[in-house]
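These are the residues of each chain, in order.
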Amino acid sequence: MSSSGYYFVIVGHADQVVYEIELGGSNGQTTDNRHLNQFIAHAALDLVDEAMWRNTTTYLKQVDKFNEWNVSAYVTAGGLRFLFLYEHLPRSGEDGLKNFLTEVYETYVKLLLNPFYVPDKPIRSAAFDKKIQTIARKWNL
């Protein structure tokens with residue numbers, strides 16, 4: 001992951017990846033970065049689970065740090081975990097990151113209203129991808 005790259009993942013109830021996307025980075029070495037990003041995100045899940053019981057808010061801020069990568073989390077009312085990996089905070093700052101995660105959650109809720117989507121199954125929708133990328137651009141990610 002380059003210094004301008006971000007990684008966003010939605011983790012389901014059984015710790016499976018429901019959705020993942022790399023945002024704002026270069027396209028070089030995406031396979032190696034993807035495995036490292038998945039490792040960092042998976043390693044942070046225990047800390048996210050601990051933090052969600054200590055806090056009453058859905059946005060947990062920074063929950064873990066692995067070398068130069070930080071992990072911020074957002075936990076839904078249904079128990080899904082949204083993890084955002086970054087080296088440096090986005091230009092929009094902590095508030096921009098919170099707003100990004102909140103808008104992604106709203107988009108996910110709209111997806112849940114689709115009778116053809118089965119919760120906790122991988123999201124393979126070009127429209128969902130495009131919406132996430134639009135939200136990321138909106139918040140300067």
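Preceding block: the structure.
This is a predicted model, so every value here is computed, not measured.

1. Here we look at the packing of aromatic side chains
Logical step 1: Under the criterion given, the structure shown has 14 aromatic pairs.
Logical step 2: An angle of 85° between the planes, with centres 6.2 Å apart, marks the rings of Phe 82 and Tyr 108 as edge-to-face. Separated by 26 residues along the polypeptide, Phe 82 in strand 5 (residues 81–86) and Tyr 108 in helix 2 (residues 93–112) bring together distant segments of the chain.
Logical step 3: Relative to Tyr 86, the ring of Phe 84 has its centre 5.9 Å away and its plane inclined at 35°; by these criteria the two rings are tilted. Here Phe 84 and Tyr 86 have matching classes, each one buried.
Logical step 4: An aromatic cluster is built from Tyr 6, Phe 8, Tyr 19, Tyr 74, Phe 82, Phe 84, Tyr 86, Phe 100, Tyr 105, Tyr 108, Tyr 117 and Phe 128, whose rings are joined through pairwise contacts.

2. A closer look at unusual backbone geometry
Logical step 1: The backbone of Asn 67 sits at a positive phi, close to 50°, despite the residue not being glycine.
Logical step 2: Locating Asn 67 in the fold gives a position in the loop between strand 3 (59–66) and strand 4 (69–75).
Logical step 3: The residue Asp 120 is not glycine, and still its phi comes out positive at about 75°.
Logical step 4: Mapping Asp 120 onto the fold places it in the loop between helix 2 and helix 3 (126–138).

3. Structural notes on the packing of helix 2 against helix 3
Logical step 1: Contact geometry for helix 2 and helix 3: axes closest at 10 Å, N-to-C directions at 160°. With respect to their mutual orientation, helix 2 and helix 3 come out roughly antiparallel. The handedness of the crossing between helix 2 and helix 3 is right-handed. In this structure, helix 2 uses Phe 100, Glu 103, Val 104, Thr 107, Tyr 108 and Leu 111 to contact helix 3, whose residues at the interface are Phe 128, Lys 131, Ile 132, Ile 135, Ala 136 and Lys 138.

About the criteria used
- Residues numbered from 1 in each chain as written.
- Predicted model: local features only at pLDDT ≥ 70, side-chain atom pairs only at ≥ 80, totals over all residues.
- Heavy atoms only, no water.
- Phe/Tyr/Trp six-rings, centres within 6.5 Å; stacked < 30°, edge-to-face > 60°.
- Helix = DSSP H or I, 4+ residues; strand = E, 2+ residues; numbered from the N terminus.
- Buried < 20%, exposed > 50% of the residue type's maximum accessible area, 1.4 Å probe, protein only.
- Axes fitted to C-alpha atoms, helices over the stretch in contact; angles between N-to-C directions.
- Parallel < 35°, antiparallel > 145°, perpendicular 65-115°, else oblique.
- Left-handed = near helix turned anticlockwise from the far one by under 90°.
- Contact = heavy atoms within 4.5 Å.

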